[in-house]
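# Analysis of the macromolecular model
Residue strings, one per chain:
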Amino acid sequence: MNMKWTKLSLVAALAMSSAFAGGDIAPAEPVVEAPVVEAAACNSNTTIDSKAVLYYYTDDNFGANSVFDKETSSLAAAVTVDVSHKIMDGIIGNLSGVGYSNLMNESISFGGFEYWTDNPKDTGAFLNVANITATYGDTTFVLGRQLLFTPQISGFDWLLASGSYEAYTVMNKSIPNVTLTASYITEFRGVNSGVDFEELEGDNWTVGAAYSDAFDASIWYYNVDDAYDLSYTQVYADAGMKIAGIDVAAQYVNTDWDVGDASNVYGIKASGSVGGFDLMGAYVHTADAPAGFIDNDAIYTTMWNSLGSNAIGDAFKVEASTEFSGFAVTADYVNYEETVAGEEGSEFDLILGYGLTNCISLDAIYSNTDYGDGSGDNQALELIATYKF
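Everything numeric here is computed off the predicted structure, so don't read it as measured data.

Let's shift gears to the overall build of the chain. For the chain, the count of helices and strands is one helix and 18 strands. Taken over 389 residues, the chain has a buried fraction of 43%. For the chain, restricting intrachain contacts to residue pairs at least 6 apart in sequence, the fraction spanning at least 24 positions comes to 53%.

Structure, rendered in structure tokens:
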């Protein structure tokens with residue numbers, strides 16, 4: 001099972017820059033420039049999105065240190081380049097390349113969890129996405145390395161790059177307001193598992209249907225033979241609608257583990273706006289065993305560091321968000337009756353975001369997390385600067 005904070009891989013990408021200089025040279029005779037119409041037409045089929053991220057993390061190592069101590073602080077950065085190219089009508093090639101390097105503190109242990117790379121000072125690059133997307137009528141096929149965004153099989157979008165999958169996906173929208181999806185997964189790269197994609201054993205697949213019109217609803221079925229050395233089948237269902245200006249939603253998850261008790265998750269949440277604040281409250285009850293998931297989940301009580309799928313018993317979450325003076329502010333709190341470690345746990349997060357320009361943003365996250373493992377509260381501060389180019 002994953003906990004979100006273990007995915008804080010200290011990675012970075014080498015920012016690359018080039019300087020070009022030249023002088024005016026007067027030609028001996030008039031020069032006729034060649035037309036560039038064909039080149040422009042070719043380039044118009046390609047789109048490129050890039051970002052560079054500088055990331056700082058520090059914690060108190062469950063009270064053993066002070067925040068900002070050298071022993072529990074680290075600095076990293078990353079560069080990601082996303083390229084999409086139209087090969088022909090209905091067929092698009094997609095690539096996402098990532099470069100990384102840890103910039104400091106190769107001795108930090110974060111309580112014994114593994115680093116994003118085997119060597120904390122390591123520097124390298126890999127392709128997180130490499131696929132062909134083909135659309136014919138109402139049907140789209142995605143073949144190859146891709147991102148998945150289903151409720152219980154998804155990828156963390158975390159500093160470096162989302163967890164990604166080698167998979168074959170088909171989506172169909174022939175039925176009005178309904179999207180049908182099926183994916184067969186062969187390999188998986190988790191956010192905290194380095195650059196290597198791990199080959200999965202057995203059959204790992206999901207099928208789902210999502211409806212969106214007067215209300216929203218979805219239902220998914222998962223067959224997982226190889227997730228963290230565990231196997232299970234799972235049904236996920238949710239539905240939501242607006243009632244008297246309040247968004248209400250409910251979810252149900254049943255996980256039939258090959259070994260151990262089955263898990264049943266019942267969740268409800270309500271959200272709305274009052275006096276410039278967006279407010280949300282959620283309650284989730286999990287019976288007998290944690291729910292199954294890969295990399296990320298959609299349980300209503302999931303937090304910045306902790307995942308609701310790892311809890312048992314009753315869980316409560318409250319959240320408030322607002323904006324002032326250009327800052328986006330979110331504060332939330334959750335209490336778990338029993339975490340995967342077997343004891344009561346909780347988490348408080350304060351998340352700040354500020355856009356300096358359309359291309360530069362700054363984020364700060366303070367979290368105080370009790371994982372229910374007897375180690376006490378862990379206070380952490382994360383500072384993230386992102387530049388899109």
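Here we come to the nonpolar core. Soluble globular proteins tend to bury their nonpolar side chains together. Counting residues in each nonpolar core, the largest one holds 25 residues, and the members touching the most others are I153, Y165, I185, V224 and I294. Put simply, the parts of the chain that give this core at least two residues each are β6 (164–172), β7 (178–189), β9 (216–227), β10 (230–243), β11 (246–257) and β13 (277–287).

One pass over the structure, following the stated rule, counts 13 aromatic pairs. Above the face of the F197 ring, R145 is positioned so that its terminal group lies 3.8 Å from the ring centre.

Turning to the confidence of the model for the chain, a few remarks are in order. Low-confidence regions, as indicated by low pLDDT, have predicted coordinates that should not be scrutinised in detail. Mean pLDDT over the chain works out to 85, with 83% of the residues at or above the 70 mark. The low-confidence segment residues 1–37, where pLDDT is below 50, has 82 contacts with residues more than four positions distant or belonging to other chains.

Here the second largest pocket defines a volume of roughly 390 Å³. Forming the walls of the second largest pocket are 22 residues, and the residues nearest its centre are V142, Q146, L147, F149 and M171. Among the elements of the structure, β2 (73–88), β3 (91–102), β4 (123–136), β5 (139–146), β6 and β7 are those that each provide at least two residues to the lining of the second largest pocket. Classifying every residue of the lining of the second largest pocket by side-chain character gives 10 nonpolar, 10 polar and two charged.

Next up on the list: the side chain of S306. With respect to the secondary-structure elements, S306 resides in the loop between β13 and β14 (312–324). A polar side-chain atom of S306 sits 2.8 Å from a polar atom in the side chain of E347.

Okay, a negative patch on the surface next. A contiguous patch of negative charge, built from E198, E199, E201 and D229, is present on the exposed surface. Relative to the helices and strands, E201 resides in strand β8 (residues 198–212).

Tallied over the full model, the rule gives four salt bridges. K86 is paired through a salt bridge with D89; the nearest N and O atoms lie 3.0 Å apart. Take K86: its relative accessible area is 36%, and that puts it in the partly exposed class. Note that R145 is salt-bridged to E166, the shortest N-O span being 2.9 Å. Placement of the pair is R145 in strand β5 and E166 in strand β6, with a sequence separation of 21 residues. Both residues of the pair, R145 and E166, count as buried.

Another point: a nonpolar patch on the surface. Together, I87, M88, I132, F141, L143, Y168 and Y184 make up an exposed nonpolar region whose accessible area comes to about 660 Å². Breaking the nonpolar patch down by element, the ones donating at least two residues are β2 and β5. In this structure, M88 sits in strand β2.

A separate point is the environment of D278. Relative to the elements of secondary structure, D278 occurs in strand β13. Residue D278 is classed as partly exposed on the basis of its relative accessible area, which comes to 42%. At 2.6 Å, the side chain of D278 and the side chain of S273 are in polar contact.

Take the pairing of β14 next. For β13 and β14, the ladder comprises nine bridges, and the chain directions are antiparallel. Bridge assignment links L279 to a residue of β14, and that residue is A320. Of the pairings in the sheet, the one linking β14 to strand β15 (residues 327–338) comprises 11 bridges and is antiparallel in character. Paired with E319 across the bridge in β15 is D332. Counted between consecutive antiparallel strands, the loop separating β14 from β15 contains two residues, among which S325 sits at a positive phi close to 50°.

Moving on, we get to unusual backbone geometry. In this structure, A244 is a non-glycine residue whose phi angle is positive, near 55°. Here A244 lies in the loop between β10 and β11.

Right, let's talk about the environment of F188 for a bit. Structurally, F188 can be placed in strand β7. The exposure class of F188 is buried, given its relative accessible area of 9%. Distance in space between the C-alpha atoms of F188 and E198 is 5.3 Å, their sequence separation being 10 residues. In contact with F188, not counting residues within four places along its chain, are S164, Y165, D196, F197, E198, L200, Y228, I294 and D295.

Calculation criteria
Residues numbered from 1 in each chain as written. Predicted model: local features only at pLDDT ≥ 70, side-chain atom pairs only at ≥ 80, totals over all residues. Heavy atoms only, no water. Helix = DSSP H or I, 4+ residues; strand = E, 2+ residues; numbered from the N terminus. Buried < 20%, exposed > 50% of the residue type's maximum accessible area, 1.4 Å probe, protein only. Contact = heavy atoms within 4.5 Å. Core = buried A, V, L, I, M, F, W, Y, C linked by side-chain atoms within 4.5 Å. Phe/Tyr/Trp six-rings, centres within 6.5 Å; stacked < 30°, edge-to-face > 60°. Lys NZ or Arg CZ within 6 Å of the ring centre and 35° of its normal. pLDDT = per-residue confidence, 0-100. 1 Å grid on protein atoms, 1.4 Å probe; cavity = no way out; pocket = protein on both sides within 12 Å on 5 of 7 lines; lining within 4 Å. Points joined across faces, edges and corners; volume = space filled by probe spheres on them. Nonpolar A, V, L, I, M, F, W, Y, C, P; charged D, E, K, R; others polar. Polar contact = N/O pair within 3.5 Å; in protein donor to acceptor, adjacent residues only side chain to side chain. Patch = residues over 30% accessible without salt bridge, like charges linked within 9 Å, V, L, I, M, F, W, Y side chains within 5 Å. Areas by Shrake-Rupley, 256 points an atom, 1.4 Å probe, with all protein chains shown as cover. Salt bridge = Lys/Arg side-chain N within 4 Å of Asp/Glu carboxyl O. Lys, Arg positive; Asp, Glu negative; His and termini not counted. Charge placed at Lys NZ, Arg CZ, Asp CG, Glu CD. Pairing = 2+ DSSP bridges.

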